[in-house]
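Now for the letters of each chain:
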Amino acid sequence: MSSKKELRVKVCKLNIDLQRYGLVAWTAGNVSERMSDGKRFMIKPSGVSYEDLKPSQMIICDLDGNVLEGELSPSSDTHTHAYIYRHMKDVGGVVHTHSNYAAAWSAVHSAIPCALTAMADEFGGEIPLGPFALIGNDAIGKGVVETLTGHRSSAVIMKNHGVFSIGKDATAAVKSAVMCEDVAKTTWIAKSLGTLQLIDQESVDKLFDRYQNIYGQRGK
Ligand SMILES: O=C(CO)[C@@H](O)[C@H](O)COP(=O)(O)O
């Protein structure tokens, strides 16, 4: 269980990782993690350059998006993160990016079809398209929750905007955002070369099951 100080370091690093992975420009995007009591979350401050971001600047909010600890203004997506945490009890981390290829799919109002084994592994099928919504209230959060609830994907591309991804913690949500952009790019390139050839559902199910339950160093 992370201490508050450890969580500040973790959440700050993962926000900076968005820039390191090329998922955001300037100060776009944000990462948060639910705290161990389940009733608060930690998020980056709004509009602070990733080069200048410090653990001490991370902001603690309640699940209504009210600031409990922090000197700076919280991310402009704080209410979206709060809405997701209130309505998706198993979610421990939330990420938002404007990653180029995924945002491009959102601008043509298309879900990302499952034509790659890497998509089946990580998302269990297509990456769904969520509704267009303006920032600043519960609208985006509602769209994310309505789209992802009951869906195997851990990422959604919101129309004309960008990516929201979820996970058991912030690290998992950042991984989802990284993999979302990777498959969005490859699928976009494939689409420019010809007709996308989708993977059959039985194979998608087998790939997803293997990757989610066998892949990697389980319990080592
Ligand atoms: O999508 C938007 C604005 O359209 C925001 O999410 C920015 O991408 C990041 O805002 P802050 O977290 O720095 O307030």
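Residues numbered from 1 in each chain as written. Predicted model: local features only at pLDDT ≥ 70, side-chain atom pairs only at ≥ 80, totals over all residues. Heavy atoms only, no water.

**Re the side chain of H96**
- Considering the arrangement of structural elements, one finds H96 in strand β5 (residues 93-97).
- Residue H96 is classed as buried on the basis of its relative accessible area of 1%.
- A distance of 3.1 Å separates polar atoms of two side chains, one belonging to H96 and the other to H98.
- With residues near it in sequence (within four places) discarded, H96 still touches L18, G29, N30, D77, H161, V163 and F164. (Helix = DSSP H or I, 4+ residues; strand = E, 2+ residues; numbered from the N terminus. Buried < 20%, exposed > 50% of the residue type's maximum accessible area, 1.4 Å probe, protein only. Polar contact = N/O pair within 3.5 Å; in protein donor to acceptor, adjacent residues only side chain to side chain. Contact = heavy atoms within 4.5 Å.)

**So, helix α6 (residues 170-193)**
- Along its 24 residues, α6 runs 35 Å from first to last C-alpha, staying within 8% of the 34 Å computed at 1.5 Å per residue.
- One side-chain oxygen at the N-terminal end of α6 lies 3.3 Å from the backbone nitrogen of T171; it belongs to D169. (Expected span 1.5 Å × (residues − 1).)

**So, the UniProt feature "domain: Class II aldolase/adducin N-terminal" (unreviewed entry) in the chain**
- As annotated by UniProt and renumbered to match this structure, "domain: Class II aldolase/adducin N-terminal" (unreviewed entry) occupies residues 9-188.
- What you have in residues 9-188 is 37% helix and 18% strand, and the ends, taken at the C-alpha atoms, are 35 Å apart. (UniProt positions renumbered as here; feature names shortened; annotations may be inferred.)

**Observations concerning the packing of helix α2 (residues 78-87) against helix α5 (residues 139-148)**
- Here α2 crosses α5 at 40°, and the two axes come no closer than 7 Å. The orientation of α2 with respect to α5, classified from their angle, is oblique. The hand of the α2/α5 crossing is right-handed. In this structure, α2 contributes T80, Y83, I84 and H87 to the contact, and α5 contributes I140, G141, K142, V144 and V145. (Axes fitted to C-alpha atoms, helices over the stretch in contact; angles between N-to-C directions. Parallel < 35°, antiparallel > 145°, perpendicular 65-115°, else oblique. Left-handed = near helix turned anticlockwise from the far one by under 90°.)

**Looking at the site of the ligand**
- Near the ligand lie 14 residues; those nearest to it are S46, S75, S76, D77 and H98.
- In the model, an oxygen atom of the ligand is placed 3.1 Å from a nitrogen or oxygen of the K44 side chain.
- In this structure, an oxygen atom belonging to the ligand sits 3.1 Å away from a side-chain N or O atom of H96.
- Burial of the ligand by the protein chains amounts to 81% of its free accessible area of 380 Å².
- In the shell around the ligand, the residues fall into two nonpolar, ten polar and two charged. (Near = heavy atom within 4 Å. Areas by Shrake-Rupley, 256 points an atom, 1.4 Å probe, with all protein chains shown as cover. Nonpolar A, V, L, I, M, F, W, Y, C, P; charged D, E, K, R; others polar.)

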